[in-house]
Amino acid sequence: MATTLIGSGSTIRARARRRALAGLLALVDLATTAKSPVEGAKLSGTLVPTNRPDAPPLPLTFQEYKEPYGTYRASFDAPPAGAYTLTVRDSTYKNEDATATVALRVGGSASNGSLDFAFPPTNPGSRSVVRWLLWLVGLPLLTGVVVTILVLRSKRDERAGEDG
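Residues numbered from 1 in each chain as written. Predicted model: local features only at pLDDT ≥ 70, side-chain atom pairs only at ≥ 80, totals over all residues. Heavy atoms only, no water.

## Concerning the overall build of the chain
Okay, so step 1: Looking only at helices and strands, the chain has one helix and nine strands in total.
Okay, so step 2: For the chain, the N- to C-terminal ordering of α and β elements is β-β-β-β-β-β-β-β-β-α.
Okay, so step 3: Looking at the chain as a whole, 29% of its 164 residues are labelled buried.
Okay, so step 4: When contacts within the chain are restricted to residue pairs at least 6 apart in sequence, long-range pairs at least 24 apart make up 57% of them.
Okay, so step 5: Carbon and sulfur atoms make up 57% of the accessible area of the chain, which totals about 11300 Å². (Helix = DSSP H or I, 4+ residues; strand = E, 2+ residues; numbered from the N terminus. Buried < 20%, exposed > 50% of the residue type's maximum accessible area, 1.4 Å probe, protein only. Contact = heavy atoms within 4.5 Å. Areas by Shrake-Rupley, 256 points an atom, 1.4 Å probe, with all protein chains shown as cover.)

Set out below in structure tokens:
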């Protein structure tokens, strides 16, 4: 990912058929800094109690809505009321893993409102640097060799034409 991605998250209560208010739905709107929605991202996340960071994380898998574009959702059973740390990971590209963390409150009467976060630019890895160097150095070098061979052949053909 060569650019910073901006996320805006929220949670809403999801209603189950047999028991009301059984779960939560985490929504993430993902966009570039130019405000264009990001489609096809592979988002996952974890939810960990803030006061117990060694507790086993609750895994979240986000699925993309068809519309509006760039909106992802993850539904999960509501954990006990309290403060949590929500970590969202973007693993769309093989060599890159962008992570953002926000504080989330479960339970109580106060709403979380909009939870804004940003995925920082990530290091694409050495493989991309090698590929970039090949394009930057290798391609012009190869072009120079091909042009030199063509020029030398044409001069040789001109001399053969003059001799023959």
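## Some thoughts on the environment of P37
Okay, so step 1: Mapped onto the fold, P37 is located in the loop between strand 2 (23-32) and strand 3 (43-49).
Okay, so step 2: Judged by relative accessible area, which is 41%, P37 ranks as partly exposed.
Okay, so step 3: Taking the C-alpha atoms as reference, P37 lies 5.9 Å from Y69; in sequence the two are 32 residues apart.
Okay, so step 4: Setting aside anything within four residues of it in sequence, one finds P37 in contact with L30, A31, Y69 and G70.

## Things to note about the sheet that holds strand 7 (residues 82-90)
Across a sheet, paired strands are connected by hydrogen bonds in the backbone, their directions being either parallel or antiparallel.
Okay, so step 1: Taken together, four strands build an open sheet; the order of strands is 4-3-7-8 and the sheet is antiparallel. The sheet terminates laterally at strand 4 (58-61) and strand 8 (98-106), the two strands that pair on one side only. On average, each strand axis in the sheet is inclined to that of its neighbour by 25°, with strand direction left out of account.
Okay, so step 2: Sheet topology places strand 7 next to strand 8; nine bridges connect them, and they run antiparallel. Directly across from D90, in strand 8, lies its bridge partner A98. (Pairing = 2+ DSSP bridges. Axes fitted to C-alpha atoms, helices over the stretch in contact; angles between N-to-C directions.)

## Points about the confidence of the model for the chain
Okay, so step 1: The share of residues in the chain with pLDDT of 70 or more is 77%, and the mean pLDDT across the chain is 75.
Okay, so step 2: Within the chain, no element has a lower average pLDDT than strand 1 (residues 5-14), which sits at 52, and none a higher one than strand 3, at 87.
Okay, so step 3: Here residues 12-21 is a poorly scored stretch, pLDDT under 50, and it has 17 contacts once near neighbours within four places are set aside; other chains count. (pLDDT = per-residue confidence, 0-100.)

## Some points on the environment of V48
Okay, so step 1: Structurally, V48 is set in strand 3.
Okay, so step 2: According to the relative accessible area criterion, V48 is buried, its value standing at 15%.
Okay, so step 3: C-alpha separation for the pair V48 and L58, spaced 10 residues apart in sequence, amounts to 6.5 Å.

## Focus: the nonpolar core
Okay, so step 1: If you look at the biggest cluster of nonpolar residues, it comprises 24 residues, and the most contacted ones within it are L30, L43, F62, L86, F117 and F119.
Okay, so step 2: Contributing elements (two or more residues each) for this core: strand 2, strand 3, strand 6 (71-77), strand 7, strand 8 and strand 9 (115-119).
Okay, so step 3: Per-element accounting of this core gives the leading share, five residues, to strand 8. (Core = buried A, V, L, I, M, F, W, Y, C linked by side-chain atoms within 4.5 Å.)

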